[in-house]
Amino acid sequence: MFNLKAELGGARRGTLRTAHGDIETPFFMPIATKGAVKYLDNSDFKQLGNQILLSNAYHLYLRPGIEKLNSFGHLHKLMNWQKPILTDSGGFQVFSLARLRKLTDDGVVFNSHIDGKETFFTPELSMEIQDAIGSDIRMCFDYFPGYPADYDVAKKSVYLTTAWALRCKQWHDMVMQKRSKSVRSLLFGIVQGSSYKDLRKSSAQQLLAVDFDGYAIGGLAVGEPPEIMYEVLDNVVPELPTNKPRYLMGVGQPEQVLEAVKRGVDMFDCVLPTRNARHGQVYIRTQQDGLVAQDLSEIYYEKITIKGAIHDLSELALDPFCECYTCASGYSRAYIRHLFTIDDPLAKKLTSIHNLSFYVQMMAEIREAIDYA
RNA sequence: GGGUAGAUGGCAGAGCGGUCAAUUGCACUUGGCUGUAAACCAAGCGACCUUUGGUCUACGGGGGUUCGAAUCCCUCUCUACCCA
């Protein structure tokens, strides 16, 4: 299911086969947590050319819920999106909604952030939800602390994450056995261990023993300096098999993605391009002839605040070198700033398209660089 | 012509003798967002300076009372409403 095709230094170029089609790696996943990439629709995705979307078990469990997903026939049909979907397990919400949950060895008791209703979230429930969603790539239910984390807490996160990964794997194997190979989903384990080298290493080894379709590196970009993140990657990636995809969860800024690619990571997701877009920050190129150096040494970009007064009269496109719908259509910085000023949804749509296009384009250039190295 | 109520920072609107360069909201400016409780959050928003502090100018104009006034008094101007 994962074919490695080329390498450039530590960077890898491959194809990941899923039930809804092949994905060229390395790739970036736009985030549709609740089944929608805010402000965008299928015609936007078609122009963007993203190969996959990411969604979330916790959020889709609350709405629309397992029953409706099953009755309607999975998220692909509900969203009218026929390409691959990866789902996060709800593990991130154990972190981000820490004030609304209680951790136990068996799972997590959540109080819904919507109506307060209590749910006991277990590895099995996460798997059941992800199956109702029908996602192509599913994540184990995991637990991780923020940064910095005490050694004992990090150690516990590894212990729980492995124990839960085993339960996820059992549930997933049992269900997939009965299905034809062509519709089987992939299950990924998630390496934890905070910034501790020995914990990260043993986490990876424990998950390898369980045997997953791919391995994610989680618990990063939670407040640690980027150098720590790179150090963790340097420690973890060599522990992972070369014939399985590697996924750095939730990362990150463009240069962080590039640094991770160079260290052998194949998959990425992050809210930054879409959230920053909604908040008026856009990524733009600083060189006309490409975003990424041919040897992957550098990425040429800057972030600008399009809401800033200095764009009041600017006739420039967001990024004059960009070919995305927003930039190619001739919308000026002045107009997009105006749209933000009057709080029109078109502002967020146009910047979301642009920022996602930046990430999709960055990944395409990275793939190209590895292919032609 | 007579009466009543008002006039506060870009706007709205508190304050009614000192703790007021002035609550709050909006607007504005600048930051921040990393497996999305995020169309969110934070800071700034009279001027100047030797900037955890200081000086000056400010609550319609002018004058006064007071140690001290956005706050009290007089007067002028303007606004709204009511009566002729």
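Being a predicted model, the structure only gives us computed values, none of them experimental.

Bringing the nonpolar core into the picture now. Leu248, Val261, Phe268, Leu296, Met362 and Ile366 are the most contacted members of the largest nonpolar core, which totals 77 residues. No other element matches the nine residues that helix H14 (residues 345-371) contributes to this core. Three or more residues apiece are contributed to this core by two domains, here domain 1 (2-269) and domain 2 (277-371). With near-sequence residues (within four places) excluded, Leu296 lies in contact with Leu8, Ala11, Leu258, Val261, Lys262, Ile366, Ala369 and Ile370.

Now for the protein's contact with RNA strand B. Taken together, 44 residues are adjacent to RNA strand B, and Ser96, Phe144, Ile190, Met249 and Val271 come closest. Counting only the atoms of RNA strand B that lie within 4 Å of the protein, the sugar and phosphate share comes to 45%. Within the side chain of Asn56, one N or O atom sits 3.3 Å away from a phosphate oxygen of RNA strand B. Interatomic distance of 3.2 Å between a side-chain N/O atom of Asp269 and a sugar or linking oxygen of RNA strand B. Contributions of two or more residues to the surface near RNA strand B are made by strand E5 (53-56), helix H5 (91-96), helix H11 (272-278) and helix H13 (333-341). Looking at which element gives the most residues to the surface near RNA strand B, the answer is H11, with five residues. Here the residues of the surface near RNA strand B sort into 15 nonpolar, 19 polar and ten charged.

Note that His311 resides in the loop between strand E16 (301-305) and helix H12 (325-328). Setting aside its immediate chain neighbours within four residues, His311 contacts Ile304, Thr305, Ile306, Arg333, Ala334 and Arg337.

The rules behind each value
Residues numbered from 1 in each chain as written. Chains lettered and ligands numbered in written order. Predicted model: local features only at pLDDT ≥ 70, side-chain atom pairs only at ≥ 80, totals over all residues. Heavy atoms only, no water. Core = buried A, V, L, I, M, F, W, Y, C linked by side-chain atoms within 4.5 Å. Buried < 20%, exposed > 50% of the residue type's maximum accessible area, 1.4 Å probe, protein only. Helix = DSSP H or I, 4+ residues; strand = E, 2+ residues; numbered from the N terminus. Domains from an automatic or database assignment. Contact = heavy atoms within 4.5 Å. Near = heavy atom within 4 Å. Polar contact = N/O pair within 3.5 Å; in protein donor to acceptor, adjacent residues only side chain to side chain. Nonpolar A, V, L, I, M, F, W, Y, C, P; charged D, E, K, R; others polar.

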